[in-house]
Amino acid sequence: MGHRSSYPMEFRNDAVALYRAAAGRRTYAAVAADAGVTGETLRSWVRQADEQAGRTGGHGGAMVESRDEELARPRAELGRLGKAEKEWELERETLRRAAQYFAKEMRA
């Protein structure tokens, strides 16, 4: 094991809780900067907390889960944007046809 941390356990737990409260919206480095530690220090504290809580299950399950969570948000956003694009295309087509109809009426 490494050397004993100079940070109190309560401070470490608060920093880990702050990172988890960000729920993936902020990076380790961003949260660590707020706490006054390095990103790698915070990352190791989170990893240790996961191990103590038994979240990794010995196979890195927490890491896989967090990667899945990280990918789920952009995929959901991509799906939402795809639906919005289809709606906009339909609106554009409707407006194009309406413009053609009224142009034809104006000439007649």
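Here, every reference points to the structure presented above.
Residues numbered from 1 in each chain as written. Predicted model: local features only at pLDDT ≥ 70, side-chain atom pairs only at ≥ 80, totals over all residues. Heavy atoms only, no water.

**Q** Any chance you could explain the pattern of salt bridges here in plain terms?
**A** One side chain can pair with another of opposite charge once the charged atoms of both are near each other. Within this structure, the stated rule accounts for seven salt bridges. Its salt-bridge partner being R43, residue E40 comes within 3.1 Å of it at the nearest N-O pair. Taken together, the residues span about one helical turn, with E40 and R43 both in helix α3 (residues 39–53) at a distance of three residues. Judged by its relative accessible area of 48%, E40 is partly exposed. Residue R43 is classed as partly exposed on the basis of its relative accessible area of 32%. A salt bridge links E93 to R96, with the nearest nitrogen and oxygen atoms 2.4 Å apart. Taken as a pair, E93 and R96 lie in helix α4 (residues 61–107) at a separation of three residues, close to a single helical turn. Residue class for R96 comes out partly exposed when judged on its relative accessible area of 40%. In this structure, a network of salt bridges that share partners links the residues E40, R43 and R47. (Salt bridge = Lys/Arg side-chain N within 4 Å of Asp/Glu carboxyl O. Helix = DSSP H or I, 4+ residues; strand = E, 2+ residues; numbered from the N terminus. Buried < 20%, exposed > 50% of the residue type's maximum accessible area, 1.4 Å probe, protein only.)

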